[in-house]
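# Fold and contact review
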Amino acid sequence: MDLTQLLKYQDVDAKLFSIEQKLTASPHKKKANELALLAKKAQAKSTELENEANNVLKEIDDLKVSFQQNKKSLDSLLKKDLDKLSLEEFDSLSSLKSKILNNLNSLEKMLQKSAEKINNILQEFNKTKKMYDNARLQFEDCKKKIQEETKILEPEKDKVKKELESLESTVDKRLLEEYKKRRNDNIFPVVVPLEGKNFCGRCRMELPMAAISRINDTGVITCEHCKRLVYKK
Ligand SMILES: [Zn+2]
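My aim in this report is to walk through the structure given alongside it, one point at a time. (Residues numbered from 1 in each chain as written. Predicted model: local features only at pLDDT ≥ 70, side-chain atom pairs only at ≥ 80, totals over all residues. Heavy atoms only, no water.)

### Brief notes about the nonpolar core
Among the nonpolar cores identified, the biggest contains 22 residues, and L3, L6, Y9, Y179, V191 and V220 are the most heavily contacted of them. If you tally residues by element for this core, the top one is helix α1 (residues 4-24), at 7 residues. Formed jointly, this core draws a minimum of three residues from each of two domains, domain 1 (21-168) and domain 2 (178-231). Those residues in contact with L6 that lie beyond four places of it in its chain are V171, L175, Y179 and V191. In terms of nonpolar packing, the next biggest core, distinct from the first, is built from 14 residues, I60, L63, L104 and L107 among them. (Core = buried A, V, L, I, M, F, W, Y, C linked by side-chain atoms within 4.5 Å. Buried < 20%, exposed > 50% of the residue type's maximum accessible area, 1.4 Å probe, protein only. Helix = DSSP H or I, 4+ residues; strand = E, 2+ residues; numbered from the N terminus. Domains from an automatic or database assignment. Contact = heavy atoms within 4.5 Å.)

### Some details on the coordination of the zinc ion
Donor atoms from the polypeptide that bind the zinc ion are C200 (SG), C203 (SG), C223 (SG) and C226 (SG), placed at 2.2 to 2.3 Å. Considering all 4 donor atoms around the zinc ion, angles at the metal cover 101 to 115° and the coordination shape is tetrahedral. Within one chain, the residues donating to the zinc ion are spaced in sequence as C-x2-C-x19-C-x2-C. Note that C203 is positioned in the loop between β2 (199-200) and α5 (209-212) and C223 in the loop between β3 (220-222) and β4 (229-231), a separation of 20 residues in sequence. (Donors = N, O, S within 2.8 Å, 3.2 Å for Na, K, Ca; no water. Tetrahedral: all angles 85-135°; square planar, octahedral: opposite > 155°, others 65-115°.)

### Section: unusual backbone geometry
Note: most residues except glycine have negative phi, and most peptide bonds are trans. Going from F188 to P189, the amide bond is cis rather than trans, its omega being -10°. By secondary structure assignment, the location of P189 is in the loop between α4 (173-184) and β1 (191-195). Here K227, not a glycine, exhibits a phi torsion of approximately 70°, which is positive. With respect to the secondary-structure elements, K227 resides in the loop between β3 and β4. K227 sits in the partly exposed class, given a relative accessible area of 38%.

### Observations regarding the sheet that holds β4
Pairing is mixed across the open sheet formed by 4 strands, whose spatial order is β2-β1-β4-β3. Two strands close off the open sheet at either side, each with one partner strand: β2 and β3. Both β1 and β4 contribute to a ladder of 3 bridges, which runs parallel. Note that in β4 the partner of V191 across the bridge is L229. Against the sheet, α4 touches β1, β3 and β4, its axis set at about 130° to β4. (Pairing = 2+ DSSP bridges. Axes fitted to C-alpha atoms, helices over the stretch in contact; angles between N-to-C directions.)

Without other data, these values stay purely geometric and don't point to any function.
As structure tokens, this is what we get:
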């Protein structure tokens, strides 16, 4: 079977493949993906920090309530007429008073710690926000560059596509179908020559002799390893 037309088709297709590669392998595209991931991470971190802050704020509210309760108890203790108390009562009152003062002291410390926590969360939040804003800004810049790239390459791509279309009718229908199937799986080149007596010209795997014996009738055989169409030069 004559493969000249198919090989000609593949030569033109090589131009298309190279444009496609340029478009997908664009460093701006890679960078844009990285930045999008970074922005997503920053967003998740912000949510996490927000939840953390809410927990600490609730903690502070609880501490404040405890503080007020202790303060109230202390006030009522201080209002008591000490002269009317027995010695025993006075002692227990004194110990209660020092207990409440201790409570107030440790509650104050805890409140201070919580305030520090909130401060840290806020700082972290601002840092995360800056990171997010920065990533978004760079992402927009990348997007612009990708658009510029695409603007240049798309017309070239269309031109080659048209050229390919005009060649389609010259290629054996069944072969073209097999070719396109592989090309859609991003295999390129699709058609490769046999190397030596029985090796795939691309992946160099040995092809079974039974398949080799069919090559003259069918024109091509499929390499089971890399799925390419192998022909005899
Ligand atoms: Zn192969």
